[in-house]
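Overview (structure and organization)
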Amino acid sequence: MPDDDVSPVDPFPRRRVKVDRRADGTLQMAHVDVGEGDPIVFLHGNPTSSYLWRNVIPHVQHLGRCLAPDLIGMGESDRLPDPGPGSYSFAAHAGFVERFLEQVGATERVTLVLHDWGSAIGFDWAHRHPGAVRGIAFTEALVTPLTWADWPAAARGVFRRMRGNGGEAAVLQDNVFVERILPASVARGLTPEAHDRYREPFTDPAHRWPTLEWPRQLPIENVPPLVRDVVSRYGQAMRRSEIPKLFLNAEPGSILVGRQRAFVRKWAALTEVTVPGSHFVPEDSPHEIGRALAEWIPTLR
């Protein structure tokens, strides 16, 4: 498809799988499941869903079983009951994704395709299951703990607000992540149809807790310390690991720039491909990403 043809149409049905470890639990994750063969797992971040990958997956679904879940509380997946501060922590999401991969049988020869918070979940899983991973492709990822100086200058004010006392008003009332940050971080702009798809899970203010918790989980200036430690551990592990890695370098990019970009370029077994994009790169350059993946995945052993 032409690079400028970024369709809002989602061609994939969703399946559902139980991810609650409690005997009486009923939480289910919605997900795309197309193709056959070794699993290719696509993980999204905030405030998106598996819809983010709709124009990427067609390029590689002939190369394996493409699995793209909606994180709990996001997309078409179930929401946590009675959410509040801390409910949608990184650890909670990582646990649900771990259970998802077990339930769908994606525990061997896995290729990970990661964006935003999906990268933290995916890198952490790869660090804990190195023998299960064929390769890791990533873009606009969280690769090392941050300082405010690392964060985009234009975004510091709103992120400080979300992490502070004004966070509930900004996100739960004003829906700032979906209404402001998301469209402002797609260089080509979102179509009304695509924006509505991302907006749909969060029309009720009570359902917006995931989009507030994610910015509060960012390891900035050593807070929160548990996430800082996780990101530091996997970042150093990826630097040494011989797992093949495809760095889809967004130009100009947003968060994987400067010090973080220099850090990633020191990682072992790294291939780098530059694609145009701001932060939500699969919206800006899905076909460039798809073609890069289609060339790289067959090289994996």
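Residues numbered from 1 in each chain as written. Predicted model: local features only at pLDDT ≥ 70, side-chain atom pairs only at ≥ 80, totals over all residues. Heavy atoms only, no water.

The name an unreviewed UniProt entry assigns to the protein is Haloalkane dehalogenase, from the organism Geodermatophilus pulveris.

1. A short note on the nonpolar core
Heads up, the condition is: Residues grouped as a nonpolar core are buried Ala, Val, Leu, Ile, Met, Phe, Trp, Tyr and Cys residues, joined through side-chain atoms within 4.5 Å. Each residue is assigned to one of three classes by its accessible area relative to the maximum for its type, calculated with a 1.4 Å probe on protein chains only: buried under 20%, partly exposed between the two thresholds, exposed over 50%. Note on conventions: DSSP H or I runs of at least 4 residues are helices, E runs of at least 2 residues are strands, and numbering of each starts at the N terminus. What makes two residues a contact is simply this: any of their non-hydrogen atoms within 4.5 Å.
Judged by nonpolar contacts, the single largest core of 68 residues is most densely connected at Phe90, Phe123, Ile136, Phe138, Phe159 and Met162. Examining the composition of this core, we find that seven residues originate from one element, helix 1 (residues 90–104), more than from any other. Residues within four places of Phe159 in sequence aside, it is in contact with Trp148, Trp151, Phe177, Ile181, Pro215 and Leu218. Among the nonpolar cores identified, the runner-up in size contains 32 residues, and Tyr51, Leu52, Cys66 and Ile289 belong to it.

2. A look at the packing of helix 1 against helix 2 (residues 117–128)
As a reminder, the rule being used: Only the contacting stretch of a helix is used when fitting its axis, a line to C-alpha atoms as for every element, and angles between N-to-C directions run 0 to 180 degrees. The sense of a crossing depends on the near helix, which, turned anticlockwise from the far helix by less than a right angle, makes the crossing left-handed and, turned clockwise, makes it right-handed.
At their nearest, the axes of helix 1 and helix 2 sit 10 Å apart, and the two run at 60° to each other. The way helix 1 lies across helix 2 gives a crossing that is right-handed. Mapping the contact onto sequence places Phe90, His93, Ala94, Val97, Glu98 and Leu101 in helix 1 and Trp117, Ala120, Ile121, Asp124, Trp125 and Arg128 in helix 2.

3. Things to note about unusual backbone geometry
Here Asn46 and Pro47 are connected by a cis peptide whose omega angle stands at 0°. Note the cis peptide between Glu251 and Pro252, where omega equals 15°. In this structure, Asn175 takes a positive phi of about 55° despite not being glycine. Relative to the helices and strands, Asn175 resides in the loop between helix 4 (167–173) and helix 5 (176–184). The exposure class assigned to Asn175 is buried, which follows from its relative accessible area of 3%. With a phi angle near 55°, Ala269 is a residue other than glycine that sits in the positive phi range. With respect to the secondary-structure elements, Ala269 resides in the loop between helix 9 (258–264) and strand 8 (270–277).

4. Digging into the side chain of Ser278
Residue position: Ser278 is located in the loop between strand 8 and helix 10 (281–284). Look at Ser278 and you get buried, because its relative accessible area is 17%. Every residue in contact with Ser278, bar those within four places of it in the chain, is listed here: Glu140, Ser185, Ala187, Ala250, Gly253, Ser254 and Asp284.

5. Structural notes on the pairing of strand 5 (residues 110–116)
Test applied: Pairing between strands requires that DSSP locate at least two bridges from one strand to the other. When the strands point away from the viewer and the connection leading from the first strand across the helix to the second strand turns clockwise, the crossover is called right-handed.
Most of strand 5 sits out of view: seven of its seven residues are buried. Bridge count for strand 3 (residues 39–43) against strand 5 is four bridges, and the pairing is parallel. Note that in strand 5 the partner of Leu43 across the bridge is Leu114. As defined by bridge partners, strand 5 adjoins strand 6 (residues 133–141) across seven bridges and the pair is classed as parallel. Directly across from Val110, in strand 6, lies its bridge partner Val133. What joins strand 5 to strand 6 is helix 2, and the crossover it makes is right-handed.

6. As for the UniProt feature "domain: AB hydrolase-1" (unreviewed entry) in the protein
Test applied: UniProt positions are given in the numbering used here, feature names are shortened, and annotations may be inferred rather than shown by experiment.
The UniProt entry lists residues 39–164 under the feature "domain: AB hydrolase-1" (unreviewed entry), expressed in the numbering used here. End C-alpha atoms of residues 39–164 are separated by 39 Å, and the span's content is 28% helix alongside 21% strand.

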